[in-house]
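Spelled out, the chains give:
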Amino acid sequence: MTGPGGQRSVVVGVDPEHPSRMVLAWAADEADRRRLPVHVVQVRKPVAREAGWPRLWPELHERGRLLRTAGEHALDEAARFIGERRPALQVSARLIDGDPAEVLNRQAGLAVVLVLGSRPLSGVRELFHSGAVTLPLIAHANCPVVVVRDPEHITQQPAYVVVGVDGSRTSQDAVDYAFEAAALRGAELRALYAWNPSRLSAADEYRAEQESRRVLAETAAGRRVPYPEVVLKHEVVRGHPVAVLAEASKHALALVVGTRGAGGFTGQLLGSVGQGVLHHARCPVVTVPGQVGPGGPRRGASG
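The rules behind these values
- Residues numbered from 1 in each chain as written.
- Predicted model: local features only at pLDDT ≥ 70, side-chain atom pairs only at ≥ 80, totals over all residues.
- Heavy atoms only, no water.
- Helix = DSSP H or I, 4+ residues; strand = E, 2+ residues; numbered from the N terminus.
- Buried < 20%, exposed > 50% of the residue type's maximum accessible area, 1.4 Å probe, protein only.
- Polar contact = N/O pair within 3.5 Å; in protein donor to acceptor, adjacent residues only side chain to side chain.
- Contact = heavy atoms within 4.5 Å.
- Axes fitted to C-alpha atoms, helices over the stretch in contact; angles between N-to-C directions.
- Parallel < 35°, antiparallel > 145°, perpendicular 65-115°, else oblique.
- Nonpolar A, V, L, I, M, F, W, Y, C, P; charged D, E, K, R; others polar.
- Core = buried A, V, L, I, M, F, W, Y, C linked by side-chain atoms within 4.5 Å.
- Salt bridge = Lys/Arg side-chain N within 4 Å of Asp/Glu carboxyl O.
- Expected span 1.5 Å × (residues − 1).
- Phe/Tyr/Trp six-rings, centres within 6.5 Å; stacked < 30°, edge-to-face > 60°.
- Pairing = 2+ DSSP bridges.
- pLDDT = per-residue confidence, 0-100.

This part covers the side chain of S249. Relative to the assigned elements, S249 resides in helix α8 (residues 241–249). Given the relative accessible area of 0%, S249 is considered buried. A polar contact of 2.6 Å, which involves the side chain of S249, links it to the backbone oxygen of A246. If we skip the residues at most four places from it in the chain, S249 touches H153, A281, R282 and C283.

What follows is the structure, given as structure tokens:
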């Protein structure tokens, strides 16, 4: 999403039923770090008319009017909260009728990041209930998508950002984003490669571990040049990727992963690792699509 004059912005989607100040605060702080405006969006599904029941139309119309009024009030409150938290920010807000995933995807066409919350439900229900927009947006958005269900953990010293690496192109893009995120926060960067040596001989296990270390080192090679101030730590950890990344997230500022990685994210919906990370991570999770350079959306994306 571009602001006045074509400037990109931080776009935050507000859940009309469960607005979260934690989500708004994350978006405000990120926009302040990047010196960008914030664009707050709430999507309202139009109230459908029942073709066979014309006598219900007035009632449906009134219901739609009340929902729109409530939505506009929620947007005003969101904009006010962001303005009070970061007075120097330029804030805009808009209520739009349509399908939430489609509308937010269009709004995020030229956003630096798209920020969403996560309803306090459990497991599959959280990701696939009828109102969920997280998975379609992560699959198709042209910019990084941030899911804020827990705060950044600022008490751990030194503070750090975690990035998951699997050797794919999108994990390379995730590393680029993670370096920038760490630099903006004055934090360290932990690049993790999780591997599970089940049923391997000792010799095969050794070779697999060495290959993991090689992939991790090559993925990060050269990507730290623009951010010499960021301390980078390579970590090859045994265990299932979900468990490893969830454990690392407990004291992290953010967890960054790539979409459509090798064995991680595929097609329209996330694979089991991606779903597990979204559900179990204890800090904001950033999913980065392919070909995202620092500070911007996919190269070649259009608004």
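Moving on, we get to the environment of G290. Relative to the helices and strands, G290 is located in the segment after β10 (285–288). Distance from G290 to D173, taken between C-alpha atoms, is 6.1 Å for residues 117 residues apart in sequence.

Axis separation between helix α1 (residues 21–34) and helix α6 (residues 169–185) bottoms out at 10 Å; the angle between their running directions is 85°. Between α1 and α6, the interaxial angle falls into the category roughly perpendicular. Between α1, through W26, E30, R33 and R34, and α6, the contact on the second element is made entirely by Y177, E180, L184 and R185. Of the residues in the contact of α1 with α6, the class split is 3 nonpolar, no polar and 5 charged.

Attention shifts here to the nonpolar core. Ranked by internal contacts, the top residues of the largest apolar core, which has 51 residues, are V12, V40, I82, V115, V163, L189 and V256. Setting aside chain neighbours within four positions, we find V163 in contact with A174, V175, A178, L189, R190, A191, L192 and V256.

Our next topic: the pattern of salt bridges. Per the stated rule, a full pass over the model turns up 19 salt bridges. A salt bridge links R34 to E30; its shortest N-O distance comes to 2.8 Å. With a gap of 4 residues between them, R34 and E30 both fall in helix α1, about one helical turn apart. Take R34 and E30: they sit in the same class, and that class is buried. The shortest N-O distance in the salt bridge between E235 and R190 comes to 2.7 Å. Of the two residues, E235 is situated in strand β8 (residues 232–238) and R190 in strand β7 (residues 188–195); the sequence distance between them amounts to 45 residues. Residue R190 is classed as buried on the basis of its relative accessible area of 18%.

Moving on to α1. Three or four residues apart is the spacing at which side chains of an α-helix point the same way, because the helix has 3.6 residues per turn. Relative to the 20 Å expected for 14 residues at 1.5 Å per residue, α1 spans 20 Å between its end C-alpha atoms, a close match to the ideal helical length. Counting buried positions along α1 gives 10 out of 14 residues, so the element sits mostly inside the fold. Regarding α1, the residues found buried are V23, L24, A25, W26, A27, A28, D29, E30, A31 and R34. If you check the start of α1, you find a side-chain oxygen 3.3 Å away from the backbone N of M22, and it comes from S20. Positioned one or two residues after α1, R35 has a phi angle of 55°, which is positive.

Attention shifts here to unusual backbone geometry. You will see that R35, though not glycine, has its phi angle at about 55°, which is positive. A relative accessible area of 75% places R35 in the exposed class.

Let us look at the packing of aromatic side chains. A ring pair, where both rings are aromatic, is described by two values, the distance of the centres and the angle of the planes. Counted by the stated rule, this structure contains 1 aromatic pair. When the centroid spacing of 6.2 Å and the interplanar angle of 5° are considered together, the rings of F179 and Y227 count as stacked. Here the residue F179 occupies a position in helix α6, and Y227 occupies one in the loop between α7 (202–220) and β8, the gap between them amounting to 48 residues. Residue F179 shares its accessibility class with Y227, and that shared class is buried.

This part covers the environment of V115. Relative to the elements of secondary structure, V115 occurs in strand β4 (residues 113–117). Of the residues examined, V115 reaches a relative accessible area of 0% and is grouped as buried. Along the chain, V115 and V148 lie 33 residues apart, while their C-alpha atoms are 7.3 Å from each other. Not counting chain neighbours up to four residues away, the residues in contact with V115 comprise V10, V11, V12, G13, V23, W26, A27, V146 and V148.

As a further point, take the sheet that holds β7. The strand order β3-β2-β1-β4-β5-β10-β9-β6-β7-β8 describes an open sheet built from 10 strands, whose pairing is mixed. Looking along the sheet, the strands with just one partner apiece sit at the ends: β3 (91–97) and β8. Along the sheet, successive strands turn relative to each other by an average axial angle of 25°, direction set aside. Contacts from α1 reach β1 (10–13), β2 (38–44), β4 and β5 (145–148), with the element oriented near 160° to β4. Here α6 sits on the sheet and contacts β4, β6 (160–164), β7, β8, β9 (255–258) and β10; the angle it forms with β6, its principal contact strand, is near 175°.

In this model, the protein chain carries a mean pLDDT of 79, and residues with pLDDT of at least 70 account for 75%. Counted against residues more than four places away or in other chains, residues 120–131, with its pLDDT under 50, gives 19 contacts.

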